[in-house]
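The chain contents come next:
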Amino acid sequence: MPLIECRQLSKTYRKGAGTIKPLDGLDLDIDAGRFLALMGPSGSGKTTLLNLIAGIDRPSEGALTIGGQNIAKLSRSRLAAWRADHVGYVFQLYNLVPVLTAYENVELPLLLHKLTRRERHERVATALSLVGLADRHDHYPRQLSGGQEQRVAIARAIVTDPQIIVADEPTGDLDKPSAHAVMELLCRLNSELNKTLIMVTHDAATAEYADQTLHLDKGRLVEHSVQAAFSGETATTRPEEGAAR
Amino acid sequence: MRNLPFEYAARNLGRSPLRLMISVVGSVLVVVLATSAFAFVRAMDRSLTGSASEDNVILLGAGSEESIERSEISASVASQAQASVFGIRSEAGKAFVSPEVHAALGVALGPDAEPAGQAVFRGMTPAAFAVHPQVRLTKGRAPNTGADEVIVGALAPTRLGVDDERLSVGESIWVDGRALTIVGRFAAPNTVMDAEVWVPLTSIQTLTRREGVSCVVLTLDEGEFADVDLFVKSRVDLELAAIPEADYYDQLNAFYRPVKMMVWITAVLIGIGGLLGGLNTMYAAFASRVREVGTLQSLGFPRRAVVLSFVQESLLASAAGAVIGALICLLLLDGVSVRFSMGAFGLLLDGPTVGFGIAAGVALGLIGAVPPTLRCLRLPVAEALKAT
Ligand SMILES: Nc1ncnc2c1ncn2[C@@H]1O[C@H](COP(=O)(O)OP(=O)(O)OP(=O)(O)O)[C@@H](O)[C@H]1O
Ligand SMILES: [Mg+2]
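Residues numbered from 1 in each chain as written. Chains lettered and ligands numbered in written order. Predicted model: local features only at pLDDT ≥ 70, side-chain atom pairs only at ≥ 80, totals over all residues. Heavy atoms only, no water.

Describing the packing of helix H2 (residues 17-49) of chain B against helix H12 (residues 351-376) of chain B
All names here are of chain B.
(1) Moving on: The geometry of H2 relative to H12 is characterised by a closest axis approach of 8 Å and an angle of 145 degrees between their N-to-C directions. Note on packing geometry: the crossing formed by H2 with H12 is right-handed. Residues Ser-27, Val-30, Val-31, Ala-34, Thr-35, Phe-38, Ala-39 and Arg-42 of H2 lie in contact with H12, whose contacting residues are Pro-352, Thr-353, Val-354, Phe-356, Gly-357, Ile-358, Ala-360, Gly-361 and Leu-364.
(2) Moving on: Broken down by class, the residue content of the contact of H2 with H12 amounts to 11 nonpolar, 5 polar and 1 charged. (Axes fitted to C-alpha atoms, helices over the stretch in contact; angles between N-to-C directions. Helix = DSSP H or I, 4+ residues; strand = E, 2+ residues; numbered from the N terminus. Left-handed = near helix turned anticlockwise from the far one by under 90°. Contact = heavy atoms within 4.5 Å. Nonpolar A, V, L, I, M, F, W, Y, C, P; charged D, E, K, R; others polar.)

Structure follows, in C-alpha cells:
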C-alpha cells in the first residue's frame, strides 16, 4: 500500500463570483521512501498540493490518505497534532524564528512531544551535526548565511523523525554551492534515513536529485518522469495514471 | 502542554524597542490613573463615612436636613433636648450634647489681608470632643470659652492652601478683621473634621452675628433614634428635624456621587485612549509576524499556544509598567491631600488601592494583546506562510 494516496483531490478557492481550482481531481500515489520532485509553471498548484500533503491545508474534495489515515477528515487541532508527528516542512525562505538560536529553532518541534530535556538535547545535537552545524548551535538566524539557515531549517524538519519531508523550492533562494549542499543533505535524508521526500522546484537541475519528477499544469498531472537516481535515464508514462511507484 | 517556550515571549519584547516603550509607558499611565482615581474616590468615601459616629443624632432646622451650614435653630434646643430626650449618654455628670455652629468663613493671614481661602469653622463647646471621639488634640490645648482662640485640623492648611507651619500653635488668623489665636492643633483622620477650624461657640456667634446654633449633636446611650424623633414631634414649636449622623453623611456622599463618577469617567476615557494607542502598536508589531506564526502552526503548534505566548509577551511589558506606575504613585501620591467643598482629605494609598492600579495595568496588557493576536492568526496557515 502506498504511503500517500490522493484520490480525486481538488482544491477550490472562491474569487469574487467565480472560483479558482488550483488542484483539479488529482490522483496520485507515493510509496514510502520515495524522493519525488514536483515541477510546473507558476500557479500550477505545486504549493497547494504540497500543503495538502503536509496537512497545512485541507482539500475541498477528494480523499487524502496518509499512512492509512484520511487526513482530509481531521479537525483543525487534530491536524496540527498530526503534522507535528508525521511531517517536516522545509520552506524556500527557511522561516526560522529570528529570536531563537539555531539550537532553539531545532528544538521547537520537539516541544510538541513528550520528551525530557535531555532527550530533546540529544535529538537536537544529532540533527544539528547531521546538517553540519553543531558548532553554530548558539547562533541566531541573522548570524547565519542563507545556506546555513536552510540547513538549520532541515534539522528542524527532521528532528522529530517524521516519515515525510516536504520542501517548497528549498534552494530557490540559494547560490549554487549552498544549493548543492542542501540538495546533498536532502538526498542523504532520503537514502540514509529513508525519509519520503516531496520537493517542489522550478529548476530542472535540482529535480535531477530526485528519483522521480512529476509535472503539474493547471492543477493536473501532465506527465511524469522516472529517473534512475542520478543516471539521467528518463521514462514517461501516461499522465492519468500519475502513479509514482 | 504544547506551549511555546517562555524565551520566545521574552525575546519578542526586544524586537521593537519603540513598541516595548509604548507598552510600558501606556501601562504606567493606566496604573497611575487607576490608582489616583481609586485613591481619590476611596478617600472621599472614607472621609464622609468616617465622619459619622454610630450613636449620634443631629438635630437641625426643619427643612435644612441636607445642609447643617444652612440650618439655624434656637440656642436653647441643647438644654431642652438634654432635659427631654430619653437615654442620652453622659459621663461624669456631663451629657453628650453638643450645640454647634457650622460656617464656611474666609481666613486671612493678616489684619488687613484678603482671605487666603475658606475653611469650615465649627463653633463648639467642650461637649464637641465627647460626641466626636475621632477628634484628638495633637498640640496645644482646647480653646477657652469666650476667648478669640481656635484649634486647627490637620488638613485645614491644605484646605486653605497655606503652609502647615503658618498655622502652628501661637500663630494668628483673621476672620472679618478679627484676630483669632491658634492655641492647638487636632487630628480627626479620615473625617471631614480633619480640615476644619474649631472655635468656641460664643466667639463664632459674635463673629457671625447670630444668636442661634446650626445644630445640636447628641450621642445616645440607652436611647433610640425614636426617642429623639419623639422629642422633635412633640416640640413642633422648635421647628426641628432629627437625622442619624450616619444618614446625614450618607446623603452627603450621595451628593458627591457625580464628582466621583466624573473622576472615574475621566480615568476610563484616558485609559481607553491609552489602550487604543497601545492596540495600534500591537497590531503593527504582530502583523509583521504573520508568516512566523504560520510557520509555528505548520510545525504543529496550536493557535492557543500562539495566543498564550503573545499574551505572555504583552503581560511582561504591562507588568513592568505596572510596577513602575505603582512606585510612581507611592512616591508622588502618598500623603497628598485634595481639597473639595466639604474640606479636604488625604489620598488613600493602601494595599487595595495600589493592587487595583496594578491589576488595571495588567488587565489592559491582557485585553490589549488578544485582538491583535487573533488578527495575526486570522489567515489560514497556508496563506499565512505566503505573507511577507
Ligand atoms: N488562498 C488562496 N486564495 C485564492 N487563490 C489561491 C490561494 N492560494 C493559491 N491560490 C491560487 O491557486 C493557484 C495555485 O497556487 P500555488 O501556490 O499552488 O501555485 P504554485 O504552483 O506553487 O506556483 P509558484 O510556482 O508560483 O509557487 C494560483 O492560481 C493561486 O493564485
Ligand atoms: Mg509555490
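Picking up where we left off.
Considerations on the pairing of strand S9 (residues 178-187) of chain B
Residue and element names in this part refer to chain B.
(1) Moving on: Among the 10 residues of S9, 7 are classified as buried, and the element is accordingly described as predominantly covered.
(2) Moving on: Where strand S6 (residues 136-140) lies against S9, 4 bridges are found, and the strand directions are antiparallel. In the sheet register, Gly-140 faces S9, and the bridge partner there is Gly-184.
(3) Moving on: Here strand S7 (residues 149-153) pairs with S9 via 5 bridges, running parallel. Looking across to S9, one finds that Gly-153 is bridged to Phe-186.
(4) Moving on: The sheet contact formed by strand S8 (residues 172-175) and S9 spans 4 bridges and is antiparallel. (Buried < 20%, exposed > 50% of the residue type's maximum accessible area, 1.4 Å probe, protein only. Pairing = 2+ DSSP bridges.)

A word on the site of ligand 1
(1) Moving on: Close to ligand 1 lie 14 residues, the nearest being Ser-42, Gly-43, Lys-46, Thr-47 and Thr-48 of chain A.
(2) Moving on: Nearby residues place ligand 1 at the junction of chains A and B.
(3) Moving on: Separating an oxygen atom of ligand 1 from a side-chain N or O atom of Thr-48 of chain A is a distance of 2.5 Å.
(4) Moving on: Taking 630 Å² as the accessible area of ligand 1 by itself, protein coverage stands at 74%. (Near = heavy atom within 4 Å. Polar contact = N/O pair within 3.5 Å; in protein donor to acceptor, adjacent residues only side chain to side chain. Areas by Shrake-Rupley, 256 points an atom, 1.4 Å probe, with all protein chains shown as cover.)

Details of empty space enclosed by the protein
(1) Moving on: The full count for this structure, using the stated rule, is 2 cavities of 30 Å³ or more.
(2) Moving on: Within this model, the largest cavity holds a volume of roughly 180 Å³.
(3) Moving on: The wall of the largest cavity is formed by 16 residues, among which Ser-23, Ser-27, Gly-278, Leu-364 and Gly-365 of chain B lie closest to the centre.
(4) Moving on: Those elements that place two or more of their residues in the lining of the largest cavity are H2, helix H9 (257-287), helix H11 (303-332) and H12 of chain B.
(5) Moving on: Broken down by class, the residue content of the lining of the largest cavity amounts to 6 nonpolar, 10 polar and no charged.
(6) Moving on: There is about 70 Å³ of room inside the second largest cavity.
(7) Moving on: Mapped by element, the contributors of at least two residues to the lining of the second largest cavity are helix H2 (76-86), strand S6 (87-90) and helix H5 (146-158) of chain A together with helix H10 (290-299) of chain B.
(8) Moving on: Sort the elements by how many residues they give to the lining of the second largest cavity and S6 of chain A lands first, with 3 residues. (1 Å grid on protein atoms, 1.4 Å probe; cavity = no way out; pocket = protein on both sides within 12 Å on 5 of 7 lines; lining within 4 Å. Points joined across faces, edges and corners; volume = space filled by probe spheres on them.)

Let's talk about a negative patch on the surface
(1) Moving on: On the surface, Glu-54, Asp-55, Asp-221 and Glu-222 of chain B cluster together to form a negatively charged patch.
(2) Moving on: Following the sequence through the fold, Asp-55 of chain B ends up in the loop between H2 and strand S1 (56-61). (Patch = residues over 30% accessible without salt bridge, like charges linked within 9 Å, V, L, I, M, F, W, Y side chains within 5 Å. Salt bridge = Lys/Arg side-chain N within 4 Å of Asp/Glu carboxyl O. Lys, Arg positive; Asp, Glu negative; His and termini not counted. Charge placed at Lys NZ, Arg CZ, Asp CG, Glu CD.)

Regarding the interface of chain A and chain B
(1) Moving on: Taken together, the contact pairs 24 residues of chain A with 23 residues of chain B.
(2) Moving on: Together chain A and chain B conceal approximately 2100 Å² of surface at their shared face, both sides included; 65% is due to carbon and sulfur atoms.
(3) Moving on: At the junction of chain A and chain B, the tally comes to 1 salt bridge.
(4) Moving on: Where Arg-11 of chain B meets Glu-104 of chain A, a salt bridge forms, and the shortest distance between an N and an O atom there is 2.6 Å.
(5) Moving on: Summed over the shared surface of chain A and chain B, the result is 7 residue pairs in polar contact (both at pLDDT 80 or more).
(6) Moving on: A total of 6 residues in the side of chain A that touches chain B trace back to one element, the largest contributor, which is H2 of chain A.
(7) Moving on: Each residue belonging to the side of chain A that touches chain B can be placed in one class, and the counts come to 15 nonpolar, 4 polar and 5 charged. (Buried area = accessible area lost by both parts, 1.4 Å probe.)

Let's talk about the packing of aromatic side chains
Residue and element names in this part refer to chain B.
(1) Moving on: Under the defined criterion, the tally for this structure stands at 10 aromatic pairs over all chains.
(2) Moving on: Ring centres of Tyr-248 and Tyr-249 lie 5.3 Å apart, and the angle between their planes is 85 degrees; on these two criteria the pair is classed as edge-to-face.
(3) Moving on: For Tyr-249, a relative accessible area of 4% translates into the label buried.
(4) Moving on: By the ring-pair criterion, three or more aromatic residues cluster together here, those being Phe-38, Trp-264 and Phe-356.
(5) Moving on: The side chain of Arg-289 reaches across the aromatic face of Phe-310, ending 5.0 Å from its centre.
(6) Moving on: Positioned above the aromatic ring of Tyr-283, the side-chain terminus of Arg-375 is 5.3 Å from the ring centre. (Phe/Tyr/Trp six-rings, centres within 6.5 Å; stacked < 30°, edge-to-face > 60°. Lys NZ or Arg CZ within 6 Å of the ring centre and 35° of its normal.)

Considering the side chain of Ser-27 of chain B
(1) Moving on: For Ser-27 of chain B, the location among the structural elements is in helix H2.
(2) Moving on: The contact partners of Ser-27 of chain B, leaving out residues within four places of it in the chain, are Ser-318, Gly-321, Ala-322 and Gly-361 of chain B.

Quick look at the nonpolar core
(1) Moving on: Grouped together as the largest cluster of nonpolar side chains are 40 residues, with contacts concentrated most on Leu-59, Phe-121, Ile-173 and Val-216 of chain B.
(2) Moving on: For this core, the element with the highest residue contribution is strand S4 (residues 97-108) of chain B, accounting for 5 residues.
(3) Moving on: Setting aside residues up to four positions removed in sequence, Val-216 of chain B forms contacts with Val-57, Ile-58, Leu-59, Ile-73, Val-77, Ala-78, Val-97, Ser-98 and Pro-99 of chain B.
(4) Moving on: Among the nonpolar cores identified, the runner-up in size contains 39 residues, and Met-39, Tyr-94, Val-106 and Ala-207 of chain A belong to it. (Core = buried A, V, L, I, M, F, W, Y, C linked by side-chain atoms within 4.5 Å.)

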